[in-house]
Amino acid sequence: MTEHHAIEPIENVLVTGGAGFVGSHVAWLLCNLGFRVTVVDDLSTGHRAAVPPAASFVFADLRQVDAINQVFAERRYDAVMHFAARTLVGESNHRPVDYVRDNVGTLCNVLQAAVDHATRAFILSSTASIFESRDGSDIDEDQAVSPGNPYGESKRMCERVLFWAEHSHGIRTAVLRYFNAAGAQPGGDLGEDHRPETHLIPLVLQVAQGLRPHIDVFGNDYPTQDGTCIRDYVHVVDLADAHVRTLIALRSSGALAYNVGSGTGYSVRQVVEVAERVTGRPIPTIVRPRRAGDPAALVANSGKLRRELGWRPSYSDLQTIIRTAWIWHSRHPDGFGSPALPPR
Ligand SMILES: NC(=O)c1ccc[n+]([C@@H]2O[C@H](COP(=O)([O-])OP(=O)(O)OC[C@H]3O[C@@H](n4cnc5c(N)ncnc54)[C@H](O)[C@@H]3O)[C@@H](O)[C@H]2O)c1
């Protein structure tokens, strides 16, 4: 973990969605660094066991204004990190109104409470899905914004609400647009447990575990080296580090926006091959037709985050991402539902 300087350990941070994959890793890092953390989550997709023991936990549905006002009535927060959201791109195409209402509504509830209680800083989990859905291998913050699905649209709207809140109320805001978060805490006690799982790396590892017979590869005729789609995977521990750096930066600046990815693209075929090497198990694949709207390549340019905040990903090579995820999955075959098996 990169050193974080100038941390004031008494800062209170509210982490919404801190029982989920990314939020829990960030909450653990904040606790380890001495921040006082409160996690608020309705456990709709998160897990109580993912919340660090040092954090306070509030069970609440952030779509309810009363619930969030209650959270703010009980403690004064210096900063909010807002992870809570509906996150399934495919589902959003079938339920666009739900996605916009819940993601934008929840953001508005939390942000208004933060403004009312003079919270100084607000960080939003945004996504590469806000960008124009065309092939890109160097997507920086100047890339044209034009979401290709309702999930991305809802996050774009959240970004705009933040912009106006900062403009009108002075709360300092940042948006972090993640590419594909992956990997797990290296100790093997915290990792990804989405149900249903839609992300490639955990799906591939479920095949290695014998929980799925094969992995579907959607399209092998893209204009890439091996014909399969290329994506940028950022290790969740590096992502957590980016959040802490952003939190510290917000003490002296505002209106921040960063794309967060490793800057290296890996194809679906490469992911499968590395997973076979790491697990020592065969991972059968079946090639399916292309999925509508899947660009051939999506790779971040995170130069701004590196330059301005000194961010240096240390875990985001594919081997380390898959190795740490495999330790988690093999020790927790049923995710947070299973007691930990001894280290392999
Ligand atoms: N995982 C990725 O690759 C990725 C990529 C880009 C952006 N993001 C964004 O990062 C954030 C976290 O993603 P994740 O993968 O950790 O998802 P996740 O589903 O694991 O975590 C979301 C958490 O929010 C909680 N939540 C959802 N709705 C809530 C509500 N109404 N009230 C209270 N709690 C609620 C869930 O229970 C869960 O714990 C999301 O905002 C997502 O859009 C994730």
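Residues numbered from 1 in each chain as written. Predicted model: local features only at pLDDT ≥ 70, side-chain atom pairs only at ≥ 80, totals over all residues. Heavy atoms only, no water.

### What to know about the packing of helix α1 (residues 21-32) against helix α7 (residues 236-249)
Cut-off, in case you're wondering: For every element, the axis is a line fit to its C-alpha atoms; helices are fit only across the contacting stretch, and the angle between N-to-C directions ranges from 0 to 180 degrees. Only runs of H or I of at least four residues qualify as helices and only runs of E of at least two qualify as strands under DSSP, and these elements are numbered from the N terminus. Relative orientations are named as follows: roughly parallel for angles under 35 degrees, roughly antiparallel for angles over 145 degrees, roughly perpendicular for angles from 65 to 115 degrees, and oblique for any other angle. By the definition used in this description, the sense in which the near helix is turned from the far one sets the handedness, with an anticlockwise turn below a right angle giving left-handed and a clockwise turn giving right-handed. Whether two residues are in contact is decided by their heavy atoms, any of which lying within 4.5 Å being enough. For this classification, Asp, Glu, Lys and Arg are treated as charged, while Ala, Val, Leu, Ile, Met, Phe, Trp, Tyr, Cys and Pro are nonpolar and the rest, including Gly, are polar.
In contact at an axis separation of 9 Å, α1 and α7 are set at 60° when each is read in the N-to-C sense. The orientation of α1 relative to α7 falls into the category oblique. For the pair α1 and α7, the crossing hand works out as right-handed. On α7, the residues that touch Phe21, Val22, His25, Val26, Leu29 and Leu30 of α1 are Val236, Leu239, Ala240, Asp241, His243, Val244 and Leu247. A breakdown of the residues in the contact of α1 with α7 according to their chemical character gives ten nonpolar, two polar and one charged.

### Digging into the domain arrangement of the chain
Formally: Boundary definitions for the domains trace back to an automatic or database domain assignment. When two parts are put together, the accessible area they lose, computed with a 1.4 Å probe and summed over both, is reported as buried area. Here, a salt bridge means any side-chain nitrogen of Lys or Arg that lies within 4 Å of a carboxyl oxygen of Asp or Glu.
Domain boundaries in the chain define domain 1 (12-183 + 233-260) and domain 2 (200-231 + 264-334). Carbon and sulfur atoms make up 58% of the area that domain 1 and domain 2 hide from each other, which totals about 2400 Å². When the buried area of domain 1 at its contact with domain 2 is split by residue, Tyr233, Asp238 and Tyr258 rank highest and sum to 31% of it. Run the count over domain 1 and domain 2 and you get zero salt bridges. It is α7 that contributes the most residues to the side of domain 1 that touches domain 2, seven residues altogether. Taken together, the residues of the side of domain 1 that touches domain 2 break down into eleven nonpolar, eight polar and eight charged.

### Comments concerning the packing of aromatic side chains
For clarity, the threshold we go by: Note on aromatic contacts: the rings of Phe and Tyr and the six-membered ring of Trp form a pair at centre separations within 6.5 Å, being stacked when their planes are under 30 degrees apart, edge-to-face when over 60 apart, and tilted otherwise. Here's how the labels work: a residue is buried when its accessible area is under 20% of the maximum for its type, exposed when over 50%, partly exposed in between, all with a 1.4 Å probe on protein chains only. Cation placement over rings: the criterion is NZ of Lys or CZ of Arg within 6 Å of the ring centroid and within 35° of the ring normal.
Inspection of the entire model under this criterion finds three aromatic pairs. Plain terms: the ring middles of Phe72 and Tyr77 are 5.4 Å apart, the flat faces sit at 75° to each other, and that makes the pair edge-to-face. By relative accessible area, which is 2% here, Phe72 ends up buried. Taking 4.8 Å as the distance between ring centres and 45° as the angle between the ring planes, the aromatic pair formed by Trp328 and Phe336 counts as tilted. The same class applies to Trp328 and to Phe336, which are both buried. Over the aromatic face of Tyr99 sits the side chain of Arg86, whose NZ or CZ is 5.8 Å from the ring centroid. Across from the ring centre of Tyr258, 5.0 Å away, lies the NZ or CZ of Lys304, which sits over that ring.

### Thoughts on the sheet that holds strand β3 (residues 56-59)
To keep it simple, the criterion reads: Note: two strands are recorded as paired if DSSP finds a minimum of 2 bridges between them.
The strand order β3-β2-β1-β4-β5-β7-β11 describes an open sheet built from seven strands, whose pairing is parallel. Across the chains shown, the open sheet's two edge strands, defined by having one partner strand only, are β3 and β11 (256-260). The average undirected angle you get between the axes of adjacent strands in this sheet is 20°. In this sheet, strand β2 (residues 36-41) lies alongside strand β1 (residues 12-16) in parallel orientation, the contact comprising five bridges. Each residue of the ladder has a partner; that of Leu14, found in β2, is Thr38.

### A look at the nonpolar core
The condition is simple: What we call a nonpolar core is a set of buried Ala, Val, Leu, Ile, Met, Phe, Trp, Tyr and Cys residues that are connected through their side-chain atoms within 4.5 Å.
Core analysis: the biggest nonpolar cluster contains 42 residues, and Val22, Leu30, Val37, Met81, Leu247 and Val260 have the highest contact counts within it. Looking at this core element by element, the count peaks at nine residues for α7. Looking at this core, you find at least three residues from each of domain 1 (12-183 + 233-260) and domain 2 (200-231 + 264-334). Here Val22 is in contact with Phe83, Tyr178, Ala181, Val236, Leu239 and His243, once residues within four sequence places are set aside.

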